[in-house]
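Summary of the model geometry
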Amino acid sequence: MTQKIEDILDNCLERMFKGESVEDCVKTYPEQALELEPLLKASFVVIQESSAIQPSPEFKARGRSQLQGILYAKLAKAERARIPIWHRRWAVAMTTVLVIVLAGVGIAAASTNALPDEPLYPAKLATEQARLTLAFSGMGKAELHIQFAERRATEIAEMALQGRSDKIFVLTEQVTNHLGGVPMAEKAVKIEEGGQKALAPPPPVPAPAPSDEAEDYGEGRGGYAVELKAMLCDSRARSLNILQTTLAETPENLRPPLEQAIKDVTEDYDRIILILESGSG
Amino acid sequence: MSIEEDVVSRAIKGDGEAFAQLYEEHFDKIYRYVYLRLGGQAEAEDLTQEVFVKALEAIGSYRWRSLPFASWLFRIAHNQVIDYFRKQGKVGKVAWDNDITLADESDPSLAVEQKIEVEKVLDWVKKLSPAQCEVISLRFGVGLSVAEVAKALGKNAGTVKALQYNGIVALRKMMAGNR
């Protein structure tokens, strides 16, 4: 069976690709040599010249780096896809909550020393209010009220030094409000104590003397009131010390509002201490 | 499993190193094929890069048994070239440029001479019918076998051999006319 010229040509080309010469290939097909030889020579020219075409090394390197970028992006996408969607949503939600909480904590921390009229002062008051709301016990609330009353007293001193008498009046009212919250918190402590007593089994031994139980608010009769009174007395001493010291440093013309504030704050502390004494006595 | 099969299967699984190996192995051939088909360096560079980007995007769907990897890659290149010509058809023919990058340009005078020869060959290849040009580019420019060309172009081996023969006859005539 005679081979078609297309097949013979292809056979010779394959041999040429492997390194055989045109002459060697032609020798294999003497009958087709006349037609085959010029075709193989033409093919050889095309093969030889087209093999000289090469991409520039810069372009090749650029292409490689572009593909690497695409590949990394593809791998990162695949990695993300491996995490279940609920897991990703949960992670996003938790991250959002964390960011809000951290931002809140940051603002709260930054606002601790803020003074009235400063941008972070409302955040300071809001943080205080939140702490009061979240306080677990009546005793905790009472402690916070005392702490915040003292803060306002310190702010009164700062405002007096700046000549801001308008702020002194408002702050003094806030001292009154916070101190007024102490007896209310004390009542809550009494209720808590009553509830715990109702739920608890009868004690096997008689309760020790109140003086030995100042720290034990739930068990001792009036122990919490003694503790609160002590805290109030300490706070009164610190607040008045700051205010009196500031009064000595304040110019004569700016003293009257501060003097009035000292008078009011002193009266407030004394009134609340008296209430606690009468309530626990 | 052959070495190439192993590299391809690793590339399918997302192994960047394996894909880089395939890139190195086939890049020059794809470029040469695209250059022979288009004739412009800038166009050839853009299109070659597009071929590999497409290959990277689609490699997950490649199945070894249905098509040799080189044929699969050249099928992508072929489709890119067809798309390019389709778009060019609306705006005009591609102009062949003289800015050919040669494999060896160490001797400037030889390089100039070779560039002239290459341009001549490119000019002759361009004058072939599109189907002949396709086959000649893949066979002589890239070195694919008739079976691989047939699979890349979706033609049977007999047709490819016939196109190859007719293409070479046409080239021979053009070369004879040039002397």
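Cut-offs applied
- For every chain, the first residue of its written sequence is number 1, and the numbers climb from 1 along that sequence.
- Labels follow written order: the first chain is A, the first ligand is 1, and so on.
- For this predicted model, a pLDDT threshold of at least 70 governs which residues receive local features, and a threshold of 80 or more governs which side-chain atom pairs are given and counted, while totals over whole chains, interfaces and linings are taken from all residues.
- Side-chain metrics rest on all non-hydrogen atoms present in the structure, leaving aside hydrogens and water.
- The way it works is that DSSP assigns letters per residue, a run of H or I at least four long becomes a helix, a run of E at least two long becomes a strand, and they are numbered from the N terminus.
- Whether a residue is buried, partly exposed or exposed follows from its accessible area with a 1.4 Å probe, protein chains only, as a fraction of its type maximum: under 20%, in between, or over 50%, in that order.
- The contact criterion used throughout is that any non-hydrogen atoms of two residues lie within 4.5 Å.
- What sets the accessible areas is the Shrake-Rupley method with a 1.4 Å probe; for residues, cover comes only from the shown protein chains.
- Salt bridges, as used here, are contacts in which a Lys or Arg side-chain nitrogen is within 4 Å of a carboxyl oxygen on Asp or Glu.
- You can read pLDDT as the predictor saying how much it trusts each residue, on a scale of 0 to 100.
- By buried area we mean the combined loss of accessible area, with a 1.4 Å probe, across both parts when two parts are placed together.
- In these notes, a set of buried Ala, Val, Leu, Ile, Met, Phe, Trp, Tyr and Cys residues joined through side-chain atoms within 4.5 Å is what counts as a nonpolar core.

Points about the overall build of chain B
Secondary structure assignment for chain B yields eight helices and zero strands. When the helices and strands of chain B are read in sequence order from the N terminus, they spell out α-α-α-α-α-α-α-α. Burial statistics for chain B: of 179 residues in total, 48% are counted as buried. For chain B, the proportion of contacts with a sequence separation of at least 24, taken over those separated by at least 6, is 61%. A total accessible area of about 8500 Å² is found for chain B, and carbon and sulfur atoms account for 51% of it.

Some details on the side chain of Thr-172 of chain A
Residue and element names in this part refer to chain A. Following the sequence through the fold, Thr-172 ends up in helix 8 (residues 165-199). A relative accessible area of 6% places Thr-172 in the buried class. Discounting residues that sit within four places of it in the chain, Thr-172 has contacts with Ile-156, Ala-261, Asp-264, Val-265 and Asp-268.

As for the pattern of salt bridges
Residues and elements named next belong to chain A. Within the structure shown, the criterion is met by 28 salt bridges over all chains. A salt bridge links Arg-238 to Glu-150; its shortest N-O distance comes to 2.6 Å. Note that Arg-238 is positioned in helix 9 (residues 223-249) and Glu-150 in helix 7 (residues 138-161), a separation of 88 residues in sequence. Residue class for Glu-150 comes out buried when judged on its relative accessible area of 16%. Asp-268 serves as the salt-bridge partner of Arg-271, at 3.2 Å between the closest nitrogen and oxygen. With Arg-271 and Asp-268 both in helix 10 (residues 255-280) and three residues apart, the pair spans about one turn of that helix. Taking the relative accessible area as the measure of exposure, Asp-268 reaches 8% and is therefore buried. One network of salt bridges, in which partners are shared, links Lys-124, Glu-128, Arg-151, Arg-152 and Glu-155.

A closer look at the confidence of the model for chain B
Residues and elements named next belong to chain B. With 86% of its residues at a pLDDT of 70 or more, chain B has an overall mean of 84. Considering each helix and strand of chain B separately, the mean pLDDT is smallest for helix 5 (residues 108-126), with a value of 80, and largest for helix 8 (residues 157-178), with 93. When the criterion is pLDDT under 50, residues 90-98 qualifies, and its contacts beyond four places in sequence or with other chains add up to 18 contacts. With a pTM of 0.53, the predicted complex shows an ipTM of 0.80.

Concerning the interface of chain B and chain A
Contacts between the two partners involve 44 residues from chain B, matched on the other side by 35 residues from chain A. Where chain B abuts chain A, roughly 3700 Å² becomes buried across the two surfaces, and 68% of that area is made up of carbon and sulfur atoms. On the chain B side of the contact with chain A, Leu-56, Phe-140 and Tyr-165 of chain B bury the most area, a combined 18% of that side's loss. In this assembly, chain B and chain A are joined by seven salt bridges.

Side note on the nonpolar core
Membership of the largest hydrophobic core comes to 52 residues, with the highest contact counts inside it found for Ile-30, Tyr-33, Phe-69, Trp-72, Phe-74 and Leu-138 of chain B. At twelve residues, the largest contribution of residues to this core is made by helix 2 (residues 16-38) of chain B. Not counting residues within four places of it along the chain, the set of residues in contact with Ile-30 of chain B comprises Thr-48, Val-51, Phe-52, Leu-73, Phe-74 and Ala-77 of chain B. One finds Ala-142, Val-182, Met-231 and Leu-240 of chain A within the second-largest nonpolar core, a separate group that totals 35 residues.

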